[in-house]
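# What the coordinates show
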Amino acid sequence: MTMTTLGAVAALDDDSPAARAAAYRDAAVVLLGRLKAARCSPAGMARLTVTSPGGRLVPRDPACDRRWREVFGGFKPAEFTIESASAPRVTLALALHQGTTAPPRDEPMWRGMTAAEIDAAYSARAAVPEHLAIFERWRDAGERVLASRDAHRDLPYGEAPLQRFDFFPVPRPNAPLLVFIHGGYWQAMDKAEHASLIEGHLNAGWAVALLNYRLCPEATIADQVEDARLALRHLWHGAERYGVDRSRIQVCGHSAGGYLGACLASTDWPALDPAMPVAPLHSALLVSGLFELEPMRHMSFGPLLGLPDAETARALSPMFATPNPGMRLHLTVGERESEEFHWQSRELARRWGARLEAIEVSSVPGTHHFSVMESLAKGGLLEASLAIG
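The rules behind each value
Residues numbered from 1 in each chain as written. Predicted model: local features only at pLDDT ≥ 70, side-chain atom pairs only at ≥ 80, totals over all residues. Heavy atoms only, no water. Phe/Tyr/Trp six-rings, centres within 6.5 Å; stacked < 30°, edge-to-face > 60°. Helix = DSSP H or I, 4+ residues; strand = E, 2+ residues; numbered from the N terminus. Buried < 20%, exposed > 50% of the residue type's maximum accessible area, 1.4 Å probe, protein only. Lys NZ or Arg CZ within 6 Å of the ring centre and 35° of its normal. Pairing = 2+ DSSP bridges. Axes fitted to C-alpha atoms, helices over the stretch in contact; angles between N-to-C directions. Contact = heavy atoms within 4.5 Å. Salt bridge = Lys/Arg side-chain N within 4 Å of Asp/Glu carboxyl O. 1 Å grid on protein atoms, 1.4 Å probe; cavity = no way out; pocket = protein on both sides within 12 Å on 5 of 7 lines; lining within 4 Å. Points joined across faces, edges and corners; volume = space filled by probe spheres on them. Nonpolar A, V, L, I, M, F, W, Y, C, P; charged D, E, K, R; others polar. Polar contact = N/O pair within 3.5 Å; in protein donor to acceptor, adjacent residues only side chain to side chain.

## Describing the packing of aromatic side chains
Applying the stated rule across the entire model yields 12 aromatic pairs. Pairing W68 with F72 gives two aromatic rings, centres 4.4 Å apart and planes at 25°, and the pair type is stacked. Highlighted residues: W68 and F72, both in helix α2 (residues 62–72), separated by 4 residues, approximately one helical turn. Classification of W68 as buried rests on a relative accessible area of 2%. Ring geometry for F167 versus Y242: centroids 4.9 Å apart, planes at 50°, classification tilted. Highlighted residues: F167 in strand β6 (residues 164–168) and Y242 in helix α8 (residues 239–242), separated in sequence by 75 residues. Pair check on accessibility: F167 and Y242 agree, each one buried. Among the aromatic side chains, those forming a connected cluster through ring pairs are Y185, W186, Y259 and F301. Here the basic side chain of R314 rests over the ring of F320, its NZ or CZ set 3.8 Å away from the ring centre.

## A short note on the sheet that holds β6
If you walk across this open sheet you meet the 8 strands as β5-β6-β8-β7-β9-β10-β11-β12, and the pairing is mixed. Taken across any chain shown, the strands that pair with only one partner, and hence form the sheet edges, are β5 (152–156) and β12 (358–364). Adjacent strand axes in the sheet meet at a mean angle of 20° when their direction is disregarded. The strands touched by helix α9 (residues 256–264) are β7 (175–181), β9 (244–254) and β10 (283–287); relative to β9, the strand with the most contacts, the crossing angle is about 140°. Along the sheet, helix α13 (residues 339–352) contacts β11 (328–334) and β12; its crossing angle with β11, the most-contacted strand, is approximately 160°.

## Comments concerning unusual backbone geometry
In this structure, P217 follows C216 across a cis peptide bond, with omega equal to 5°. Secondary-structure assignment places P217 in the loop between β8 (207–211) and α7 (221–237). For R111, which is not glycine, the phi torsion reads 50° and is therefore positive. Counting through the fold element by element, R111 comes out in the loop between β4 (89–97) and α3 (115–122). A positive phi angle is found at W186, which is not glycine, with a value near 65°. By the secondary structure assignment, W186 is in the loop between β7 and α6 (199–203).

## Here we look at the pairing of β8
Most of β8 sits inside the fold, with 5 of its 5 residues counted as buried. Burial of β8 is two-sided: the residues A207, A209 and L211 facing one way and the residues V208 and L210 facing the other way are all buried. Strand direction decides the pairing type here: β6 and β8, joined by 4 bridges, are antiparallel. The partner of F168 across the bridge, within β8, is V208. Bridge count for β7 against β8 is 5 bridges, and the pairing is parallel. From the neighbouring strand, V179 faces β8, where its bridge partner is A209.

## Some points on the pattern of salt bridges
Pairing between side chains becomes possible if they bear opposite charge and their charged atoms approach one another. Using the criterion set out here, one finds 25 salt bridges in the structure. One salt bridge in this structure joins D15 and R20, with 3.1 Å as the shortest N-O distance. Classification of D15 as partly exposed rests on a relative accessible area of 30%. One continuous salt-bridge network, built from bridges that share partners, spans R25, D26, E70, E136 and R139.

## Observations concerning the layout of surface pockets
To locate leftover empty space, one rolls a probe as large as a water molecule over the atoms. Taken as a whole, the largest pocket spans an internal volume of roughly 1,400 Å³. Around the largest pocket, the lining is made up of 50 residues, and of these P42, F75, D119, S300 and F301 lie nearest the centre. Mapped by element, the contributors of at least two residues to the lining of the largest pocket are α1 (17–37), α2, α3, α4 (124–127) and α5 (131–148). Split by residue class, the lining of the largest pocket holds 28 nonpolar, 15 polar and 7 charged. In this structure, the second largest pocket encloses a volume near 870 Å³. Around the second largest pocket, the lining comprises 39 residues; the ones closest to its centre are P62, A63, D65, R66 and L162. Take the lining of the second largest pocket: its biggest share by element is 8 residues, from α2. For the lining of the second largest pocket, the residue count by class is 19 nonpolar, 2 polar and 18 charged.

## What to know about the side chain of Q344
One can find Q344 in helix α13. A distance of 2.7 Å separates a polar side-chain atom of Q344 from the backbone nitrogen of F291. Those residues in contact with Q344 that lie beyond four places of it in its chain are W110, Y122, G289, L290, F291, E292, P295 and M319.

Below, the structure written as structure tokens:
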């Protein structure tokens, strides 16, 4: 088996943990560009050698892992090697297997689309070339909000390191609660990067819980559904402790987070927890959600998600579930997103509409998969959320 080695270097301004993580991301961005130029698949990553002053940059540290996922999602090399050098820079050397991935199949896989066409329709990052700059802007803005607001960070709802949430209380007693679930195609992103998107709710007197959950490929989508349910149970039972009104809980999720929100909206809660009502959610605002998982199986990152067959994908798809009665639901998509994202919301509304009295589908003018979320802080999504809340 032949091997290809690609390299990247990023300057290190200082040797602090934050600077190392930032330089690691900068080098990863360069590496991604060279991977694309060489027409190599990230699925072929075999070994990554990371060189930094004193060998202090450890890729598996949470901050570094978060930055790697920001660039590569859940694709990771099978092996990491850490080396030491004195020069003030971070160097990455990536060894790739060649010829290890099958070429895309030409036959239709789903809704008349080939695997390559499914990738094109659902690859939100590829459709927005500036996505890395957007993620960086969200991260910086989120950290400023977390530093300036009364936020209780990294509260546990389970035992795993990523089973954590940031809670923003408000002085108002019995406040409505927004439960926000971030996207990232089940493989990436972090609650902290979305803190600036919920300031409108805080200003309107809502308490907010920003959720993290375990990420693929270390976890599966089924594990993430369990995480979301565990988090909602924790918040519902702890309503008095958190000063929120358990009868006014709204879930808001983006992309993969929209999927998890739909799973919460269609869970048989009394079967899971006899103390809970049939419908613990008062409302749901699901943005650019993915509710039918079958196309995800055929994407380049499909093997990372824990969807081995069509039966598993169907069993985990909210499209085929029954929504909780009485809930108010708003599904929305960025106007400039692919037709497949619009179809996902329209079809869920069609299937769930007969069982819900209040359901609305909309698109946000002039927005793509990421910019649509910025109207949650102020704009159309904030208005939609408050209207159903």
